[in-house]
Structure formats: C-alpha cells, structure tokens
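Chain by chain, the residues run as shown.
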Amino acid sequence: MKKILFTLAITFSCFAFGQKVKLKNDKLFIDDKECMKYTSKELGTKNSFFSLDGKPLFFLDVISTGKGIDDGYIKISFTDSEEIVTMGVGYSKKSIVSQLIEMGVIDNCKINSERIKDYVKRYDQKYEQSIIRHTY
C-alpha cells in the first residue's frame, strides 16, 4: 500500500509542478503561453533564443566532431554570462528548455542569470575540454 501511495504522490507532483514546453512556429510556449522566440539554422544545429522583444537570451548549438552521426556535443551559451554548458547530443531542444525551467534559469519567460552557475554545475559535461584536436 505504501508503494502505491508513493507512486501516486510522485505522479501527482510531476503533473502538478511540471510545465508543458512546446516549440512551434519559431516560438517557445510554456504552459501554452508564448514565452520566447527562436531561430533554427543549418539543419537545426544553430539555435538562437530571443525575448519576445527580440533581445538575444541564449544560444544552443550542436557541434559535430566529424566522426559520426552521434559523435558531437551540444553547446549552450548565455548572452549575459561567460558561462558555457556542453553536453552529449542525446538531448533535444525541448528537454534542454525543460532543464532550464527546472533549474530556475528560465523564470517567468526571462533568464535569471543568478541561476546559470547552478545549471552549469549540474549539467556541464565539459566536452570541449575532453576533445583532442588534431591538426594535419
């Protein structure tokens, strides 16, 4: 009985506190409210997110290392911060935006720069530091 109640409590909290993220028509919607604009170029590898008034907020780029389709990483940089996050290519734009909301970086459709360092500590996998670059 305790396991059932625990499972119901977890499920309820996910629905009660989770936010619905949707990327459609170059706009980011959170809980069906238009929150940001974004552009996606070069087959979705260069993504820029803007406030509704056009101010750049952050960039999400898929960087290929040239070794294969799954070999590369995602780089997230914020316009008002020197912080950079790199992570594996297994994340979608939608899941990254959900992480940013969960960590409080995106708060009320704005970037909370005080929370960026916490996000970096939690999600940065330091891909750029681990890549050995060869020159031929």
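Preceding this section is the structure that the text describes.
Thresholds applied
Each chain carries its own residue numbering, running from 1 in the written order of its sequence. Per-residue local features are limited, in this predicted model, to residues with pLDDT of at least 70; the limit for side-chain atom pairs, both in listing and counting, is 80 or more; totals at the level of whole chains, interfaces and linings are taken over all residues. Hydrogens and water are ignored here; the side-chain numbers use all heavy atoms of the structure. Should DSSP find at least two bridges between two strands, the strands are taken to pair. Every helix listed is a DSSP run of H or I at least four residues long, and every strand listed is a run of E at least two residues long, numbered separately from the N terminus. Note on definitions: angles span 0 to 180 degrees between N-to-C directions of axes, and those axes are lines fitted to C-alpha atoms, for helices only across the stretch in contact. Contact criterion: two residues are considered in contact whenever any of their non-hydrogen atoms come within 4.5 Å of each other. Criterion for a disulfide: a pair of cysteine sulfur atoms at a distance within 2.5 Å. Burial here depends on accessible area, computed with a 1.4 Å probe over protein chains only, as a share of the maximum for the residue type. Under 20% is buried, over 50% is exposed, and the range in between is partly exposed. Definition used in this section: a nonpolar core is a set of buried Ala, Val, Leu, Ile, Met, Phe, Trp, Tyr and Cys residues joined via side-chain atoms within 4.5 Å. Aromatic pairing here means that ring centres of Phe, Tyr or Trp (its six-membered ring) are within 6.5 Å. Orientation follows from the plane angle: under 30 degrees is stacked, over 60 is edge-to-face, and everything else is tilted.

(A) Broad picture of the sheet that holds strand E2 (residues 27–30). Read across the sheet, 7 strands follow the order E1-E2-E3-E4-E5-E6-E7 without closing on themselves; strand pairing throughout is antiparallel. What marks the edges here is a single partner per strand, and that holds for strand E1 (21–24) and strand E7 (84–88). Strand-to-strand twist in this sheet, taken as the mean axis angle between neighbours without regard to direction, amounts to 20°. Along the sheet, helix H2 (residues 93–102) contacts E1, E2, strand E3 (33–41), strand E4 (46–50), strand E5 (56–64), strand E6 (72–78) and E7; its crossing angle with E1, the most-contacted strand, is approximately 135°.

(B) Highlighting the state of the cysteines. A full pass over the atoms with the stated rule returns 1 disulfide. Disulfide pairing is shown between Cys-35 and Cys-109; the S-S distance is 2.1 Å. One quick way to see it: the torsion about the S-S bond of Cys-35 and Cys-109 is about -130°, and its sign makes the bridge left-handed. With Cys-35 in strand E3 and Cys-109 in the loop between strand E8 (106–107) and strand E9 (110–111), this pair connects stretches of sequence that are 74 residues apart.

(C) Spatial organisation of H2. Looking only at H2, the buried set comprises Ile-96, Val-97, Gln-99, Leu-100 and Ile-101. Where H2 terminates, the next one or two residues include Gly-104, which has phi positive at roughly 85°.

(D) Geometry of the nonpolar core. In terms of nonpolar packing, the biggest core is built from 27 residues, with Phe-58, Ile-76, Phe-78 and Tyr-119 touching the most fellow members. Those elements that place two or more of their residues in this core are E2, E3, E5, E6, E7, H2 and helix H3 (116–123). For Ile-76, the residues in contact, after removing those within four places along its chain, are Phe-58, Phe-59, Leu-60, Glu-83, Ile-84, Val-85, Met-87, Ile-96 and Tyr-119.

(E) Here's a closer look at the side chain of Ser-48. Of note, Ser-48 is situated in strand E4. Assessed through its relative accessible area of 15%, Ser-48 is described here as buried. When residues no more than four places from it in sequence are discounted, the contact partners of Ser-48 are Lys-37, Tyr-38, Thr-39, Phe-58 and Phe-59.

(F) Examining the packing of aromatic side chains more closely. In the structure shown here, the tally under the stated rule is 5 aromatic pairs. Ring geometry for Tyr-38 and Phe-49: centres 5.4 Å apart, planes at 20°, overall stacked. Here Tyr-38, found in strand E3, pairs with Phe-49, found in strand E4; they are 11 residues apart in sequence, far enough to count as distant. Here Tyr-38 falls in the buried class, since its relative accessible area comes to 10%. Note on Phe-49: relative accessible area 0%, which makes it buried. Within the aromatic cluster, the residues linked to one another by ring pairs are Tyr-38, Phe-49, Phe-58 and Phe-78.

(G) Molecular detail of unusual backbone geometry. Here Leu-43, not a glycine, exhibits a phi torsion of approximately 55°, which is positive. As for its placement among the helices and strands, Leu-43 is situated in the loop between E3 and E4. Backbone geometry places Lys-126, a non-glycine residue, at a positive phi of 55°. By secondary structure assignment, the location of Lys-126 is in the loop between H3 and helix H4 (127–130). The exposure class assigned to Lys-126 is partly exposed, which follows from its relative accessible area of 42%.

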